[in-house]
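# Summary of the model geometry
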Amino acid sequence: MINKNIVIVGGGPAGLEAARTLRNAGLTPILLEGSDRLGGHLLEWDSLFPSNQKASEVLESLTADLEGIKWFTNSKVEEISRIKDIYLVRTSSGYTFQANAVLLTTGFSLFNATLKQELGYGIYDRVITNADMERYFATGEHPCIHEPKTIGFVHCVGSRDEKICNRACSKVCCATAIKQACHIKEKFPLAQVYCFYMDLRMFGRGWEDMYYNAQTKYGIRFVRGRVCEVSEGMDATLNIKAEDTLLGKPIRMKMDLLVLMSGIRPRKDTEDIASNLHIELGTDGFYSPRDPFIRTNESSNEGIFLAGTCTGPATLPETFSSARSAAARIIEYLESK
Amino acid sequence: MIITDFGYCLAPSNAVKVDKTTDWRFEKLCALESDVLKCIGCGSCTAVCSAGHFSQMNLRQCILSLSRGQWEKSVRSLSRCMLCGKCLMVCPRGINTRHLILSICRIYCPGEGGSNA
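Analysis parameters
Residues numbered from 1 in each chain as written. Chains lettered and ligands numbered in written order. Predicted model: local features only at pLDDT ≥ 70, side-chain atom pairs only at ≥ 80, totals over all residues. Heavy atoms only, no water. Helix = DSSP H or I, 4+ residues; strand = E, 2+ residues; numbered from the N terminus. Buried < 20%, exposed > 50% of the residue type's maximum accessible area, 1.4 Å probe, protein only. Contact = heavy atoms within 4.5 Å. Areas by Shrake-Rupley, 256 points an atom, 1.4 Å probe, with all protein chains shown as cover. Lys, Arg positive; Asp, Glu negative; His and termini not counted. Charge placed at Lys NZ, Arg CZ, Asp CG, Glu CD. Arc of directions from axis to C-beta. pLDDT = per-residue confidence, 0-100. Core = buried A, V, L, I, M, F, W, Y, C linked by side-chain atoms within 4.5 Å.

To continue, consider the overall build of chain A. Scanning chain A from terminus to terminus reveals 7 helices and 20 strands. For chain A, the spread of C-alpha atoms along the principal axes amounts to about 65 × 35 × 35 Å. Counting every position in chain A, which comprises 337 residues, the buried fraction comes to 54%. The long-range share in chain A, meaning contacts at least 24 apart out of those at least 6 apart in sequence, stands at 64%. Surface accessibility of chain A: about 15,400 Å² in total, with carbon and sulfur atoms responsible for 49%. Each charge sign in chain A was given a centre, from 39 positive and 41 negative side chains, and these centres are 3 Å apart.

Spelled out as structure tokens, the structure:
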């Protein structure tokens, strides 16, 4: 089995963890990353809920020891073809790799918030996204954040919304919003911070405690209602419209900063890869596993495996578990060949 | 029947008696307009409503009240609707709200112009 080749497509958390696991089992996986750095979305995030650990620390421990892993950056996969039991993976860097098994860890893309025009992202300067907020936390700089007095977080932007063809819940934005709300409150203790939610989905371990602390320790105010219109006043403050559905009345507010929680969407190339590899997609646009309970890491095509958020929204611990279980499943598969 | 004055009286219950709310009108509405079952109660429709800013018009609450058999007050408030359709544009579940409002009027207030609407 030691001569068998495994190609992992995507050098984010799932790809890195799967590569490490396979390497520790004595194999030499090939890890292909399309961009110029390993790390995926972890590179863009400052801290992680619920412990507020720095994303860079997690990334460091993931990339600390890559010996035994053949990794390539700037290597976007252009085509995967199959000859009998061997897959040929051709990359943009001009190489072709032979593989007995291919693991897709292509991840997700964040929803492009400019598509929800009524929320004003890309139109009004003080409307930013969760990704912009993380960048601000990491660098301490944003041209439009100067001592904001009122800050609003809008949950479910680009998720649970049929108008942009995504009915699915993005799963992690509720917790991210509360993490960011507490964090910004620490930076600006005098600011009043509001979270506009449809349903708060705090299902993870320790998440309910985050919510509790947000209420009691940080005094974050939660409004059950969806912000559906944003406009800008003469003084560049934002006017927002929502219904406080628990009160049963429309509410109007002024905001100095509005943060849109962009949801998790399939990557644009998901469909191309799926048709190239003859693997099935779910109605949500993510890759479908062969079976939702037992064979969660197998695609509908033999020899092609799946891990991480390319199969739908997931938290980071879930992504790591999925990567390790994919590695175990690949080893089983190669041994059976 | 002799009613003895005990010096106190019982206030009528404020509770919604869910057991007694099976309502043929709501079943008819669901059959005609299955969109009504899609509502997740986010309140977007009410937030943008031009009429709701000045009146009791609240489509989200109306849908919820109808499903609980409490329709009298809420259906009346729909008469404020100007059918501008802003709610239709913001609904995250893609409910055809304008059509729904007309169907509610047809079923709940026939003879008040609703039947001709």
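From this point, the discussion proceeds with the structure in view.
A word on helix α6 (residues 270–277) of chain A. Residues and elements named next belong to chain A. Taken residue by residue, α6 has Thr270, Ile273, Ala274 and Leu277 as its buried positions. Across the axial projection of α6, the buried residues extend over an arc of 100°, all falling on one side. Facing away from the buried side of α6 by more than 90 degrees, the exposed set consists of Glu271, Asp272 and Ser275. Residues of α6 that are buried sit in contact with β6 (77–83), β9 (101–104), β19 (264–266) and β20 (304–306).

What follows covers the confidence of the model for chain B. Residue and element names in this part refer to chain B. Taken residue by residue, chain B gives an average pLDDT of 87. The fraction at 70 or more is 92%. Helix α4 (residues 72–77) is the least confidently modelled element of chain B, averaging 87 in pLDDT, while helix α2 (residues 44–48) averages 95, the highest of any element. Across the interfaces of the predicted complex, the ipTM metric reaches 0.86, alongside a pTM of 0.92.

Inspection of the secondary structure puts Glu33 of chain A in the loop between β2 (30–32) and β3 (47–48). Beyond its immediate stretch of four places on either side in the chain, Glu33 of chain A contacts Gly10, Gly11, Gly12, Leu38, Phe72, Thr73, Asn74, Ser75 and Lys76 of chain A.

For the rest of this paragraph, the subject is the nonpolar core. Residues and elements named next belong to chain A. Of all hydrophobic cores here, the largest spans 36 residues; its most connected members are Met133, Phe153 and Ile184. Put simply, the parts of the chain that give this core at least two residues each are α3 (130–139), β12 (150–157), α4 (173–187), β13 (192–197), α5 (207–216) and β18 (257–262). The element that contributes the greatest number of residues to this core is α4, accounting for 8 residues. If we ignore the near neighbours within four places in the chain, the residues touching Ile184 are Met133, Tyr136, Phe137, Ile151, Phe153 and Val193. Formed by 32 residues, the second largest nonpolar core is a distinct cluster that contains Ile6, Leu38, Leu48 and Ile69.

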